[in-house]
Amino acid sequence: MKIRSFVIFLCIIFFVIAIPAMASVEVGYVNVKPTGDLESGKSNVSADLELSFISSSGESFPSDESLVLSTGLDNPVWTYSIILDGVENPRPAVSKKQLDLSGWELSYENVEESVKVNLRGMAPKVDKSAQVEIVSVNVATAGGRVKDTVKNVSAFVTNPGELKGDLSSVKESYSKLEKDLAQHKADGIDISKAEQKAKEASSALNSAAGASYSNAQVYIKNANTYIKDAYAMLDSGLSQKAINDAKEAIDKTDEWITYFKTEKDLGSDPRLAPIITKREFAAEDASDAKELYDAGKYSEAKKKAEEAYQKATEVFDETQALQAELEKEPEGVALPDVSGILPYLIGLIILVIVGFIALRLFKNRGGKGGSGKGGGGSFGSRDKPKKKSTAHQYDELF
């Protein structure tokens with residue numbers, strides 16, 4: 001047991017000796033001025049920070065490692081001081097993108113140590129607005145490989161030209177929206193909901209004009225969204241009008257189809273069949289447009305309704321062409337319409353027939369009486385009457 005305990009003790013001693021001296025670096029608050037977004041190539045930037053060391057051994061920082069401070073600012077100038085037990089020891093300024101603090105410079109034993117750093121530079125010129133590193137604190141090995149990032153502070157660098165371009169683009173979209181709303185309002189389309197969205201877009205654009213870059217981006221994005229919403233509301237009115245126009249064109253076509261069937265008796269005419277078929281296609285598109293509208297898909301409903309209107313208009317034009325063709329065809333002699341006086345004509349004809357029959361009967365009866373007077377029989381033949389004396393020719397009148 002004693003030998004075993006002794007071996008364990010030796011292992012512990014060896015393990016402790018094998019552990020390298022460890023030191024940790026802490027970076028407190030990094031004070032960056034100005035706060036907020038930086039303007040590309042114009043903003044002067046400063047950053048103040050302080051590094052402190054916590055060592056598990058007497059050495060403040062490992063001598064075989066180094067601290068590497070880097071920045072993305074243009075024209076950087078580093079000034080720093082090493083503070084030992086409260087005594088500040090300034091070091092020469094360094095004008096580089098990277099400040100290297102070697103372990104040999106930072107390694108002290110049994111001393112309270114910290115490093116105070118000030119960085120000054122200018123926001124870099126960027127073509128596209130982006131996050132840029134202001135200062136980064138890293139621990140590196142003897143070979144220069146970064147083994148640990150202690151602190152990383154960045155800021156958003158803006159390109160004013162890019163922002164102006166975005167703002168100008170959205171303003172153009174808003175201007176077009178205003179014109180479209182005015183035009184459709186003149187056409188009698190309900191644009192009240194779209195007008196409300198347009199007002200919200202205008203307010204967002206006004207706010208973007210005087211805001212910081214990041215805030216302006218939000219306002220511009222909101223304005224763009226409001227404009228899209230306005231067009232969606234406008235599509236609602238436009239699709240409804242397109243559906244009504246298509247229905248009206250279909251109804252006119254139906255009137256002509258009915259006319260051809262009833263008035264012109266063309267129900268089986270081969271010229272009418274394709275008109276009826278095309279009318280059905282237009283009606284089917286109009287029905288689909290109504291379903292899309294009821295589902296809130298206004299843009300799709302508008303497109304489908306416009307297709308229905310185009311087909312309905314084309315088939316209506318075909319009805320007019322057929323009517324023109326019929327007008328050119330020669331017509332037969334039209335007989336007068338006697339349906340109203342037909343009963344009177346029949347009565348007159350019957351009356352004429354009855355009269356004719358009666359006249360014939362009357363004549364037949366008159367012929368038979370004459371033959372009786374001059375006929376034979378017991379009376380024999382009739383002699384001519386004797387001539388009377390003229391002296392007494394009026395005696396019989398008295």
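Computed from a predicted structure; not experimentally measured.

A closer look at helix α6 (residues 273-294)
Next up, step 1: Its 22 residues place the ends of α6 32 Å apart at the C-alpha level, agreeing with the 32 Å of an ideal helix rising 1.5 Å per residue.
Next up, step 2: Taken residue by residue, α6 has Ile275, Arg279, Ala282, Asp285, Ala286, Ala289, Leu292 and Tyr293 as its buried positions. One side of α6 carries all its buried residues, which in axial view fall inside an arc of 140 degrees. Along α6, the residues that are exposed and aim more than 90 degrees away from the buried face are Glu291 and Asp294.
Next up, step 3: Buried-residue contacts for α6 involve α5 (213-262) and α7 (298-328).
Next up, step 4: A positive backbone phi angle near 80 degrees is found at Gly296, which sits one or two residues after α6.

Comments concerning the pattern of salt bridges
Next up, step 1: With the rule as written, the count across this model stands at 21 salt bridges.
Next up, step 2: The partner of Arg279 in a salt bridge is Asp254, and the shortest N-O contact between them spans 2.7 Å. Taken as a pair, Arg279 in helix α6 and Asp254 in helix α5 lie far apart in primary sequence, 25 residues in all.
Next up, step 3: Residue classification places Arg279 among the buried positions, given a relative accessible area of 18%.

Side note on the confidence of the model for the protein
Next up, step 1: Looking at the protein, the pLDDT average stands at 82 and 81% of residues meet or exceed 70.
Next up, step 2: Contacts of residues 367-398 to residues separated by more than four positions or lying in other chains number three contacts, the stretch itself having pLDDT below 50.

Some thoughts on the sheet that holds strand β11 (residues 146-158)
Next up, step 1: Ordered by their spatial adjacency, five strands build an open sheet running β3-β11-β10-β5-β8, and the pairing between neighbours is mixed. Both outer strands of the open sheet, β3 (38-39) and β8 (98-102), are each paired with one neighbouring strand and no more.
Next up, step 2: Pairing analysis gives five bridges linking strand β5 (residues 66-70) to β8, with the strands arranged antiparallel. Each bridged residue has a counterpart across the sheet, and for Ser70 the counterpart in β8 is Gln98.

Some words on the packing of aromatic side chains
Next up, step 1: Scanning the model with the defined rule gives six aromatic pairs in all.
Next up, step 2: When the centroid spacing of 5.8 Å and the interplanar angle of 70 degrees are considered together, the rings of Phe53 and Phe61 count as edge-to-face.
Next up, step 3: Taken together, a centroid distance of 5.7 Å and an interplanar angle of 55 degrees make the contact between Tyr259 and Phe260 tilted.
Next up, step 4: Feature note: the residues Trp256, Tyr259 and Phe260 constitute an aromatic cluster, connected by ring pairs.

Comments concerning the packing of helix α3 (residues 160-186) against α5
Next up, step 1: At a closest axis distance of 10 Å, the pairing of α3 and α5 adopts a crossing angle of 20 degrees. For the element pair α3 / α5, the angle class is roughly parallel. Considering only the axes of α3 and α5, their crossing is left-handed. Mapping the contact onto sequence places Glu162, Leu163, Asp166, Leu167, Val170, Ser173, Tyr174, Lys176, Leu177, Asp180, Leu181 and His184 in α3 and Tyr213, Ala216, Ile220, Ala223, Asn224, Ile227, Ala230, Tyr231, Leu234 and Leu238 in α5.
Next up, step 2: Residue composition of the contact of α3 with α5, by class: 15 nonpolar, three polar and four charged.

Quick look at unusual backbone geometry
Next up, step 1: Looking along the chain, the bond that leaves Lys33 and enters Pro34 is cis, with omega of -5 degrees.
Next up, step 2: As for its position among the elements, Pro34 is in the loop between β2 (31-33) and β3.
Next up, step 3: Even without being glycine, Asn75 reaches a positive phi, approximately 50 degrees.
Next up, step 4: Looking at where Asn75 falls in the secondary structure, it is placed in strand β6 (residues 74-84).
Next up, step 5: Given the relative accessible area of 64%, Asn75 is considered exposed.

Observations regarding a nonpolar patch on the surface
Next up, step 1: Together, Ile349, Ile353, Phe356, Ile357 and Leu361 make up a nonpolar patch on the protein surface, roughly 500 Å² of accessible area in all.
Next up, step 2: The residue Ile357 is located in helix α8 (residues 342-373) in this model.
Next up, step 3: On the basis of relative accessible area, Ile357 is assigned to the partly exposed category, the value being 45%.

Thresholds, definitions, all that
Residues numbered from 1 in each chain as written. Predicted model: local features only at pLDDT ≥ 70, side-chain atom pairs only at ≥ 80, totals over all residues. Heavy atoms only, no water. Helix = DSSP H or I, 4+ residues; strand = E, 2+ residues; numbered from the N terminus. Expected span 1.5 Å × (residues − 1). Buried < 20%, exposed > 50% of the residue type's maximum accessible area, 1.4 Å probe, protein only. Arc of directions from axis to C-beta. Contact = heavy atoms within 4.5 Å. Salt bridge = Lys/Arg side-chain N within 4 Å of Asp/Glu carboxyl O. pLDDT = per-residue confidence, 0-100. Pairing = 2+ DSSP bridges. Phe/Tyr/Trp six-rings, centres within 6.5 Å; stacked < 30°, edge-to-face > 60°. Axes fitted to C-alpha atoms, helices over the stretch in contact; angles between N-to-C directions. Parallel < 35°, antiparallel > 145°, perpendicular 65-115°, else oblique. Left-handed = near helix turned anticlockwise from the far one by under 90°. Nonpolar A, V, L, I, M, F, W, Y, C, P; charged D, E, K, R; others polar. Patch = residues over 30% accessible without salt bridge, like charges linked within 9 Å, V, L, I, M, F, W, Y side chains within 5 Å. Areas by Shrake-Rupley, 256 points an atom, 1.4 Å probe, with all protein chains shown as cover.

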